[in-house]
Amino acid sequence: MRSVLTPCPVSETVNRRARAGESKRPLDPTADTIVLGDNLEALARLPDGTFSLVYIDPPFNTGRQQTRVSIQTVRDEENGDRIGFGGNRYRTETLGVKAYPDLHDDYLGFLEPVLREARRVLTPDGSLFFHIDFREAHYCKVLLDELFGRDSFMNEIIWAYDYGGRSKRKWPAKHDTIFWYAKNPNQYLFNYDDIDRIPYMAPGLAGPEKAARGKTPTDVWWMTIVSPTGKEKTGYPTQKPLALLKRIVSVHSNPGDCVLDFFAGSGTTGEAAAKLGRTFFLIDNNEDAFEVMRGRLAGFSPLVISLTDRDRRPADSVRW
Ligand SMILES: C[S@@+](CC[C@H](N)C(=O)[O-])C[C@H]1O[C@@H](n2cnc3c(N)ncnc32)[C@H](O)[C@@H]1O
């Protein structure tokens, strides 16, 4: 699949920085950025406590082989590329690449290291939004409870849509689950006044004033999928609706904050963040996704970075 949109150019600043030298440098989370590469490798180069919002929508049941780079962090005051707790310097070492014939083989093993990193890079009042299929949701909830603590579980949001075929043998499954975890359940962002309002089901019962204003949604969000023929469609198969991401970004971050999506796909989180005045940091290891994001977000002039092998990377991206 190829994007028909014009990819964003690489800025001079980036070219200068790229020419300057060595790889494995820390990544700067404060500029709009698109990264082509494995998310665990990229996350290890991000500083602690920077993102007020992390939204992820990991792949599920793809039937394709998936790979995961395993890394370790070693204290190294001389050559360390990362500053950690107490100002100590650390170096990141790649231990090897693990291949999963299908994600089902060890789905939680695939997710656990990146979820740990997600928690690490959240600000003290930050939140994780984890978007998942109904078949895996329950296993993931147990893992998230372990990593974040049960008290940090805030909501199970059901995104309900009504599109496509309907089984005649069981209830048609027409929802996804989104878990919200707050890093600190006693101090988190929830911009109530920024929630978009929806129509009452029975406006006659609400009265004209309330009916005109609309009501705030519950934890069940009725929203249509991205229309296969509409303007929003990028062509990326698992694209999520912009309205869904705009609701999450506006309520769970403030203008100027940094928003992270490390299973970024077509870059929906980036578009929502940029349109709402937040900075986006997007990571995906799929070159089609990378191309779609570069086209979709070209107007925001993001840094475009490749962590992949020099000869595999797209011509006008920068190796980091
Ligand atoms: C379900 S899609 C995300 C769709 C996205 N929410 C959107 O609106 O377009 C999941 C993405 O995770 C990416 N992915 C899978 N494993 C990855 C890894 N180890 N590192 C980075 N990205 C990965 C896939 O390439 C895919 O684009």
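Let me sum up the structure you'll find in this document.

About the cut-offs
- Residues numbered from 1 in each chain as written.
- Predicted model: local features only at pLDDT ≥ 70, side-chain atom pairs only at ≥ 80, totals over all residues.
- Helix = DSSP H or I, 4+ residues; strand = E, 2+ residues; numbered from the N terminus.
- Buried ≥ 20, exposed ≤ 12 C-beta atoms within 10 Å, placed from the backbone.
- Contact = placed C-beta atoms within 7 Å.
- Near = placed C-beta within 6 Å.
- Nonpolar A, V, L, I, M, F, W, Y, C, P; charged D, E, K, R; others polar.
- Axes fitted to C-alpha atoms, helices over the stretch in contact; angles between N-to-C directions.
- Parallel < 35°, antiparallel > 145°, perpendicular 65-115°, else oblique.
- Left-handed = near helix turned anticlockwise from the far one by under 90°.

## Some remarks on the overall build of the protein chain
- If you tally the helices and strands in the protein chain, you get nine helices and 13 strands.
- A buried classification covers 36% of the 320 residues belonging to the protein chain.
- Excluding contacts between residues fewer than 6 apart, the proportion of contacts in the protein chain whose partners are at least 24 apart in sequence is 69%.

## Quick word on the site of the ligand
- Close to the ligand lie 20 residues; Phe-263, Gly-265, Ser-266, Thr-268 and Asn-286 are nearest.
- Mapped by element, the contributors of at least two residues to the shell around the ligand are strand 3 (66-75) and strand 11 (279-284).
- The residue inventory of the shell around the ligand, partitioned by class, reads six nonpolar, nine polar and five charged.

## Overview of helix 7 (residues 242-252)
- Inspection of helix 7 places Leu-244, Leu-245, Ile-248, Val-249, Ser-250 and His-252 among the buried residues, and these make up the whole buried set.
- Here the buried face of helix 7 lies against strand 2 (51-56), strand 6 (122-132), strand 7 (153-160), strand 9 (220-222), strand 10 (258-261) and helix 8 (268-275).

## What to know about unusual backbone geometry
- The phi torsion at Ser-301 lies on the positive side, around 45°, for a residue other than glycine.
- With respect to the helices, strands and loops of the structure, Ser-301 is situated in the loop between helix 9 (287-296) and strand 12 (303-306).
- Residue classification places Ser-301 among the partly exposed positions, given that 13 C-beta atoms sit within 10 Å.

## Comments concerning the environment of Ser-317
- Positionally, Ser-317 belongs in the loop between strand 12 and strand 13 (318-319).
- Once the C-alpha coordinates of Ser-317 and Val-304 are considered, the two residues, 13 residues apart in sequence, prove to be 5.5 Å apart.

## What about the packing of helix 7 against helix 8?
- Their axes nearest at 9 Å, the elements helix 7 and helix 8 cross at an angle of 55°. On the basis of their axis angle, the class for helix 7 and helix 8 is oblique. Considering how the two elements wind past one another, helix 7 and helix 8 form a crossing that is right-handed. Residues Leu-242, Leu-245, Lys-246 and Val-249 of helix 7 form the contact with helix 8, whose participating residues are Thr-268, Thr-269, Glu-271, Ala-272 and Ala-273.

## Regarding the environment of Thr-268
- Positionally, Thr-268 belongs in helix 8.
- On the basis of neighbour counts, which here come to 28 C-beta atoms within 10 Å, the residue Thr-268 falls in the buried class.
- Considered as a pair, Thr-268 and Thr-234 are 34 residues apart in the sequence and their alpha carbons are 9.7 Å apart.
- When near neighbours in sequence (up to four residues on either side) are disregarded, Thr-268 contacts Gln-239, Lys-240, Leu-242 and Leu-245.

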